[in-house]
Amino acid sequence: MVLAQPSLAGEMAMAAAGPPAWTPADSASLYGLDGWGDPYFSVNARGHVLVQPQGERGGSLDLVDLVQGLQGRNLSLPLLIRFDDILEDRLERLHAAFARAIAQYGYAGRYQGVFPVKCNQQRHVVEQLVESGRRWHFGLEAGSKAELLIALSLLDDPEALLICNGYKDQRYIETAILARRLGRQPVVVIEQADEVERIIRASQELGAAPFLGIRAKLSTRSTGRWGSSVGEKAKFGLSIPDVLATVEALRQADLLGDLKLLHFHVGSQINDIAVLKDALQEAGQIYLQLVRLGAPMGFLDVGGGLGIDYDGSRTATAASTNYSLQNYANDVVATVRECCEPHGIPLPTLVSESGRAIASHFSVLVFDVLGRSGVPGTVPPLQANEPLIVRNLRDTLAGITGLLEERGSEAIARSSDTTPAATLEAGDVPPLERLQEAWNDAIKFRDDALAAFRLGYLSLPERAMAEQLSWACAEAIAGQLPASGPIPEDLRALRAALASTYYANLSVFRSAPDTWAIDQLFPVMPIHRLNERPDRLGSFADLTCDSDGKLARFIDRGQVKPLLELHELKPGEPYWIGLFLAGAYQEVMGNLHNLFGSTDAVHIRLGAGGGYRVDHVVRGNTNAEVLEAMEHDPELLLERLRVASEAAIGRGDLRISEVRRLMDHLETSLRQTTYLQS
Ligand SMILES: *Cc1c(COP(=O)(O)O)cnc(C)c1O
């Protein structure tokens, strides 16, 4: 008895409080933050996203406070926040993982990575990586002439590698060869069979020895999106016969002594570690043969592909990986050692071109929600002579909520903590079945109403009533669905039918183009109110007038869900959403669709004594800039409107003060970013 009392009290407290309170931990679990966020993102007790830019080493920033602080500096949403500490931390983790693997496997060689510039060419990003990477002689990889220019100019460490990939014309090749005299360490990677000729000619003309590499086409295929970027049909790389012919051509030209590196790339975001192991074994054998053929070698470049666990599920699915950074490093080190050691050849310096793995975490896009579509929530008042079809819907609704109305306040008090069976009072029929029946009826009557409207038997206001009533049925049913336990497929669809579209101040084509182009998933979640139960389902529509401009696929621990749990908007309060792990590829792939330009961006550093420091502010494109990008002259556009306004004044259609207001709006818009101002 004594023991029973506290538990009884507990039960009573539970009953009074309704369902258990929603905690920040519930949000972390719901949005997968506890998986993909580690170690940089979590939720604090205030229900805000917390950023730990240096991982477990301490120092944290409340993302909501940060956004408010940045708004105070006249930066506006959507806002790209780059945490340079995270970028540095990623670099440290990558090097630490290889250092651990090298120690663990007693690898008699080194690791020396490069950053593929194509992953994020932003000046401050590349500069930061070069600066932070100095202590490891971290290098860069270029895939075009412009990227080569960036790399040549920024990379001033003579020991760092500058890997030159991509299509190369004579000028590209000569530039790379001559750069060696500048004190750089460029490696011209032969990717196409016909490049050999040009390289030989250039080095003979310049009388300069290049530093050469060969990219091999492996037969190992990756799974997923980038699976086809390797194998026989791959765009880049030499087939095995081409590798042999190239070695022969270099020998003839007396350049075989400059062949130092073997490179392969099995595609981005390798999901399955088994693919990497196969590729490493294959490449290891090719490396061995190249040494036997007389090339000095010394470097094995395993390319990119180190994946990101976007959904935190640690599975070999598209948005995840079944391995950790450490597993990756271990496999590279162990496999290469296994290949080379038995044959007594010196172990190569290991190079990786990890882009996604370095640049994804550091930037967070925060956007605001402008409003949401709602299902019409009100029940239209009863009309005299209501058409039968509308009556049917009204009766169906009454059937669902009828008990409440009949029993008055006592029933309302009860209904909040009883099951639908009590509410529906349906004898022996199980509650879910009753709900299912009611929903079937509602759909049938709604379809009848639409048919009747098409045939001219229903007026526009009557059709509106029918729509409102069918939505009200859906709402009433959804409100009675149990919070847990199996729900029939149809009723699940009902929840989805009631979902809202949240209007986002954002262009996915600009800020998250891969979500549109290749169905890439990024974690998306509110950055505040995480201590409130998100009781709506929704997806996002962006600002563009393009029906593809939406975020409607969300991470779901190894799966994908079409709707995200979101909060009801509060009048007068902002609702801020974060898009995470999108620091790689998105900025440069983003386009000007509908003339939405780049967003404001900031570089944030943890402050020495807590707090933060704004290192760089990169203003987003103004309307004038995006117009100019399309060859329009903003001044000329304004001038034409000025002339048209004068004519309107002359005709008496516009007052001078109105013209002034119009011109003022136009001029101000030209100076502002392309997004909606709050
Ligand atoms: C794109 C690319 C990379 C970067 O790949 P990630 O998967 O982002 O690491 C590396 N090397 C080459 C040759 C590439 O084309």
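Structural data are supplied above this passage.
One structure accompanies this document, and this report is about it. (Residues numbered from 1 in each chain as written. Predicted model: local features only at pLDDT ≥ 70, side-chain atom pairs only at ≥ 80, totals over all residues. Heavy atoms only, no water.)

In the vicinity of the ligand lie 16 residues, with K118, S268, E353, G355 and Y585 positioned nearest. Between S268 and the ligand, the recorded distance is 2.4 Å, taken from a side-chain N or O atom to an oxygen atom. Within the backbone of G355, one N or O atom sits 2.8 Å away from an oxygen atom of the ligand. Bound to the protein, the ligand loses 91% of the 380 Å² it would expose on its own. When the residues that make up the shell around the ligand are grouped by side-chain class, the tally is two nonpolar, nine polar and five charged. (Near = heavy atom within 4 Å. Polar contact = N/O pair within 3.5 Å; in protein donor to acceptor, adjacent residues only side chain to side chain. Areas by Shrake-Rupley, 256 points an atom, 1.4 Å probe, with all protein chains shown as cover. Nonpolar A, V, L, I, M, F, W, Y, C, P; charged D, E, K, R; others polar.)

Moving on: the side chain of S470. By the element assignment, S470 lies in helix α17 (residues 460-480). Judged by its relative accessible area of 8%, S470 is buried. Ignoring anything within four residues of it in the chain, the contact list for S470 reads L393, W439 and R446. (Helix = DSSP H or I, 4+ residues; strand = E, 2+ residues; numbered from the N terminus. Buried < 20%, exposed > 50% of the residue type's maximum accessible area, 1.4 Å probe, protein only. Contact = heavy atoms within 4.5 Å.)

Taking strand neighbours across the sheet as the criterion, the three strands line up as β1-β2-β3 in an open arrangement whose pairing is antiparallel. Only two strands of the sheet have a single partner each, and these edge strands are β1 (41-43) and β3 (61-62). Relative to β3, strand β2 (residues 49-51) runs antiparallel, the two being bridged by two bridges. When the bridges of β3 are listed, L50 appears paired with D62. (Pairing = 2+ DSSP bridges.)

Residues L63, I81 and F540 are the most contacted members of the largest nonpolar core, which totals 146 residues. Of all the elements, helix α11 (residues 273-292) adds the most residues to this core, at ten residues. In this structure, L397, W439, A452 and I487 belong to the second largest nonpolar core, which totals 26 residues. (Core = buried A, V, L, I, M, F, W, Y, C linked by side-chain atoms within 4.5 Å.)

Together, L370, Y503 and L676 give the surface a local cluster of nonpolar side chains, amounting to about 270 Å² of exposed area. On the secondary structure map, L676 appears in the segment after α24 (656-671). By relative accessible area, L676 is classed as partly exposed at 43%. (Patch = residues over 30% accessible without salt bridge, like charges linked within 9 Å, V, L, I, M, F, W, Y side chains within 5 Å. Salt bridge = Lys/Arg side-chain N within 4 Å of Asp/Glu carboxyl O.)

None of the figures reported here should be taken as evidence of function without further support.
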